[in-house]
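Secondary and tertiary structure notes
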Amino acid sequence: MTPDANLLTSLYHLVAKGRVLESLLGKLPGFHPGVGEEGVVVGAFFGLKDSDYIAPHYRGALLAAHMRGADLRRLIAGVLGKVTSYSRGRVRGDICLPLQFNTLGMFSGVLGNPLNISTGIALAASLDGKQGVVVTSFGEGTSNLGAFHESLNLAACLALPIVYICQNNGYAMSTRTDYALKCASVADRAQGYGMPGIRVEGNDVVAMHQAVQSAVARARAGEGPTLIDAVTYRISGHYSADPNDYQPKDERASWLKKDPLLLLKARLQAQGVMTEAQLNEIEKAAEAEITQAIAEAQADPDPGLEVLGPDDLYSPVLERVA
Amino acid sequence: MSQLTFQEAVIQGISEEMERDERIFHLGQDIGPIYNGAMHSAKGLGAKFGPRRIIQTPISESAMVGAGIGAALAGRRPIVQLMFAEFLGLGLTPLACDAAAMWYKSDGTVSVPLVIRVLYGAGPHRGHSEDYQAWVASVPGIKVAMPSCPRDAKGLMKAALRDNNPVVFFEHMALYHGARQEVPEEDYVVPLGEAEIKSEGSDVTIVATALMAQQALKAAEQLRGEGISAEVVDPRSIVPMDIETVRRSVAKTRRLVVVSESWKTGDPLSDLTASIAEDLAGNAPLKIARVGLQNTPRPFAMPLARAAMPNVQTITEAVRRITESS
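Just so you know, these numbers come straight off a predicted model, no measurement behind them. (Residues numbered from 1 in each chain as written. Chains lettered and ligands numbered in written order. Predicted model: local features only at pLDDT ≥ 70, side-chain atom pairs only at ≥ 80, totals over all residues.)

What chain B contains, in helices and strands, is 12 helices and 14 strands. At 20 Å, chain B has a C-alpha radius of gyration in line with the 20 Å of a compact globule built from 326 residues. Dimensions of chain B, computed from the C-alpha atoms along their principal axes, are close to 60 × 45 × 40 Å. Relative to its full complement of 326 residues, chain B shows a buried share of 58%. Long-range pairs, those at least 24 residues apart, make up 79% of the contacts in chain B between residues at least 6 apart in sequence. (Helix = DSSP H or I, 4+ residues; strand = E, 2+ residues; numbered from the N terminus. Rg over C-alpha atoms; globule rule 2.2 N^0.38 Å. Buried ≥ 20, exposed ≤ 12 C-beta atoms within 10 Å, placed from the backbone. Contact = placed C-beta atoms within 7 Å.)

The subject of this paragraph is the overall build of chain A. Of regular secondary structure, chain A possesses 11 helices and seven strands. For 322 residues, the compact-globule estimate of 2.2 N^0.38 gives 20 Å, and chain A sits close to it at 20 Å. With the C-alpha coordinates aligned to their principal axes, the bounding extent of chain A is approximately 60 × 50 × 40 Å. Relative to its full complement of 322 residues, chain A shows a buried share of 53%.

We now examine helix H12 (residues 312-324) of chain B. Residue and element names in this part refer to chain B. Over its 13 residues, H12 extends 18 Å from the first C-alpha to the last, a length consistent with the 18 Å expected when each residue adds 1.5 Å. Listed in full, the buried residues belonging to H12 are Ile315, Thr316, Ala318, Val319 and Thr323. Summarising the axial view, the buried residues of H12 lie within an arc of 160°, below the 170-degree limit, and thus occupy one face. More than 90 degrees from the buried face of H12, the exposed residues found are Gln313 and Glu324. (Expected span 1.5 Å × (residues − 1). Arc of directions from axis to C-beta.)

Across soluble globular proteins, nonpolar side chains have a tendency to be buried as a group. With 200 residues, the main nonpolar core has Ile121(A), Val135(A), Val163(A), Ile228(A), Ile206(B), Ala216(B) and Val257(B) as its most contacted residues. The element that contributes the greatest number of residues to this core is helix H8 (residues 210-225) of chain B, accounting for nine residues. Here this core spans two domains, and each of domain 1 (2-183) and domain 2 (196-324) of chain B adds at least three residues to it. (Core = buried A, V, L, I, M, F, W, Y, C linked by C-beta atoms within 7 Å. Domains from an automatic or database assignment.)

Residues and elements named next belong to chain B. Split by domain assignment, chain B resolves into domain 1 (2-183) and domain 2 (196-324). Measuring from the centre of the C-alpha atoms in domain 1 to the corresponding centre in domain 2 gives 26 Å. At the interface, 21 residues of domain 1 touch 19 residues of domain 2. Looking at the side of domain 1 that touches domain 2, its residues break down into 12 nonpolar, five polar and four charged. (Nonpolar A, V, L, I, M, F, W, Y, C, P; charged D, E, K, R; others polar.)

On to unusual backbone geometry. The omega torsion across Val239(B) and Pro240(B) is -5°, close enough to zero to call that bond cis. Within the secondary structure layout, Pro240(B) lies in the loop between strand E12 (237-239) and helix H9 (243-253). The backbone of Gln131(A) shows a phi angle near 60°, a positive value even though the residue is not glycine. Turning to its location among the elements, Gln131(A) is positioned in the loop between helix H5 (113-128) and strand E2 (134-139). Among the residues examined, Gln131(A) registers 15 C-beta atoms within 10 Å and is labelled partly exposed. With a phi close to 60°, Asp107(B) is a non-glycine residue in the positive phi region. Within the secondary structure, Asp107(B) is located in the loop between helix H4 (92-105) and strand E5 (114-120).

Counting residues at the interface gives 37 residues for chain A and 42 residues for chain B. When residues of the side of chain A that touches chain B are traced back to their parent elements, those giving at least two are H5 and helix H6 (146-157) of chain A. It is H5(A) that contributes the most residues to the side of chain A that touches chain B, 11 residues altogether. For the side of chain A that touches chain B, the class distribution of residues is 20 nonpolar, 12 polar and five charged.

Strand pairing in a sheet relies on backbone hydrogen bonds. The paired strands run either parallel or antiparallel. Residue and element names in this part refer to chain B. Pairing in this open sheet of five strands is mixed, and the strands run E9-E11-E10-E13-E14 from one edge to the other. Edge positions in the sheet fall to strand E9 (196-199) and strand E14 (287-293), since each of these pairs with one other strand and no more. Neighbouring strand axes in the sheet, compared pairwise and without regard to direction, differ in orientation by 25° on average. Of the pairings in the sheet, the one linking strand E13 (residues 255-263) to E14 comprises six bridges and is parallel in character. Bridge pairing in E14 links Val259 to Val291. Running at roughly 155° to strand E10 (residues 204-208), H9 makes contact with E9, E10, strand E11 (230-234) and E13 of the sheet. (Pairing = 2+ DSSP bridges. Axes fitted to C-alpha atoms, helices over the stretch in contact; angles between N-to-C directions.)

Here we come to the pairing of E13(B). Residues and elements named next belong to chain B. Summarising burial for E13: eight of the nine residues are buried, a large majority. Examined bridge by bridge, E10 and E13 share four bridges and lie parallel to one another. Looking across to E13, one finds that Val207 is bridged to Val258. With helix H10 (residues 268-280) bridging E13 and the parallel E14, this β-α-β connection has right-handed handedness. (Right-handed = clockwise from strand over helix to strand, strands pointing away.)

Further remarks concern the environment of Ile31(B). Residues and elements named next belong to chain B. Locating Ile31 in the fold gives a position in the loop between strand E2 (24-28) and helix H2 (45-49). For Ile31, a count of 25 C-beta atoms within 10 Å translates into the label buried. Sequence separation between Ile31 and Ile116 is 85 residues, and the spatial gap between their C-alpha atoms is 14 Å.

What follows covers the sheet that holds strand E1 (residues 53-55) of chain A. Residue and element names in this part refer to chain A. The strand order across the open sheet formed by five strands is E1-E2-E3-E7-E6, and the pairing between neighbours is parallel. Only two strands of the sheet have a single neighbouring strand rather than two, namely E1 and strand E6 (197-201). If you compare each strand with its neighbour and ignore which way they point, the axes differ by 20° on average. As paired elements, E1 and E2 share three bridges and run parallel to each other.

Let us now look at the environment of Leu217(B). Residue and element names in this part refer to chain B. With respect to the element layout, Leu217 can be found in helix H8. A sequence separation of 136 residues divides Leu217 from Gln81, and the C-alpha atoms of the two residues are 30 Å apart. Setting aside residues up to four positions removed in sequence, Leu217 forms contacts with Lys198, Ser199 and Val232.

Bringing the pairing of strand E3 (residues 162-168) of chain A into the picture now. Residue and element names in this part refer to chain A. The buried count for E3 comes to seven of seven residues, which makes it a mostly enclosed element. The side-chain alternation of E3 yields two buried faces, one formed by Ile162, Tyr164, Cys166 and Asn168 and the other by Val163, Ile165 and Gln167. Strand direction decides the pairing type here: E2 and E3, joined by six bridges, are parallel. In the strand pairing of E3, Val134 is matched with Ile162. Read from E2 through H6 to E3, the crossover connection turns out right-handed. As paired elements, E3 and strand E7 (residues 226-231) share six bridges and run parallel to each other. Bridge pairing links Gln167 to Ala230 in E7.

Structure (structure tokens):
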């Protein structure tokens, strides 16, 4: 299947924007940037319906939420704890996302919880019977958690409409995938749950998008869940201050050649969709947009103490009986 | 009115709410019409509502709790039965770390209407009795119900199913198939956070929930014969705690005994005791005693298990200890 020029252009806009976002936010303290992993994020979450739900991996979460319609300045304000953020500064906005965009983030720092919870969203979608689907992503480290096993098995038993995407960047903090997983691919684990397991070159955003879309179509048709091992590489450190000096130089060098942004640019030029000048123009526009959003968010006020809300513990509404 | 056991009352509450509200479904292991749930905790529900609303799962507590949370976020009102309170730990991170925080952290845009059911308590079962209420009561954002009788059990279950927050509902196994009680047939709820004075008195306040509330009532009866007038307050929900009703009672009696089937260490009733002391100790002498499970893991052999547990005798002894000396 040859993707048309419009699709390639749309994907490029997002990957370019993602690169700028991850690079610039990676300069903020404590951020977990996803430079080099934008192909997986864009490929996973592009082309879904507004009524579908996503639950993205924390690395690349802001790009995913922005793709769903969340405002960049407000998302960045969330990273900084500003009152203009979606939670007014009550939650760390680098990993927790506004659910009003049908985008689930992490309400705690516990990996695996979004896997469980997104499986429940898929259960609701299944009960609703309106062909809604859920796409969730997580790191390969998380695929060693019990929550992964339980979620995938439950989703298979109940034939839930969900696509599980492992954003496999080779490292869980400093722990290498080849140390912590003894199967050749995370996708191999799918066999144990009786669902399809597919390994994809995550840095090829087009291949990624196509693999996810066929899994989404399968889920929408009521045929159940799919596990996708999206192989990529963590160019960033685990978080801003991580020197990342444990990645072997030759390994890193070989992956830098497979940078998803470079691959996509080469493809767009080779297919004659855009010239190098046009591509650079788009990157510059993304940089300007994000630089401005960061500047605005940084200038936004901190929350006043009225946001503390000591009595705001429970949803006060008692459900009216129909 | 009809005479129901605790278990029948819980199921009647669930059944009535499921009939009213299509969004409610029930997730659990072995809850379908073949087995009807551990200790018949879902008896008749599978036959009545079918497999799309009474959904059986594999043994996967973490995924079950997570699935309940996710479905709640997407507009459903799930019940998740975890069989026993012992298993709460397996599903605790999605519940306590994520669901409990969602309303507050989302600045009031995300609520989680979810009921988690667990069996617990020393009784007919030779295992699964541990009272782990403290695990869930210690995290802000989770409500915890601990009914002591069929009428409260049904009313609290109906309130839990109409609440927009996560509620953990403890069902005591010694009460489960025990004494029947008149349970109203008309629609009623027992609000979470509303204590009831189960027996009025003037000399001492005894606070207890579930089986311990029943024991406290027996103790109060015995003490009455000795000329000691004990007021038994059953909070009915541990979270929210109706501190006001307890405070009013203790302001009158100036003596407080809290009785818990749980360990005194980290016991939510110890927290209540501290709050009462904070509020009232400065005004006039205040006598306090705590009765709880021996501070070890629960021993197994029946004589040991009985001796480690609070009972009518240890309650009356505690009451005498703080009444005789004054």
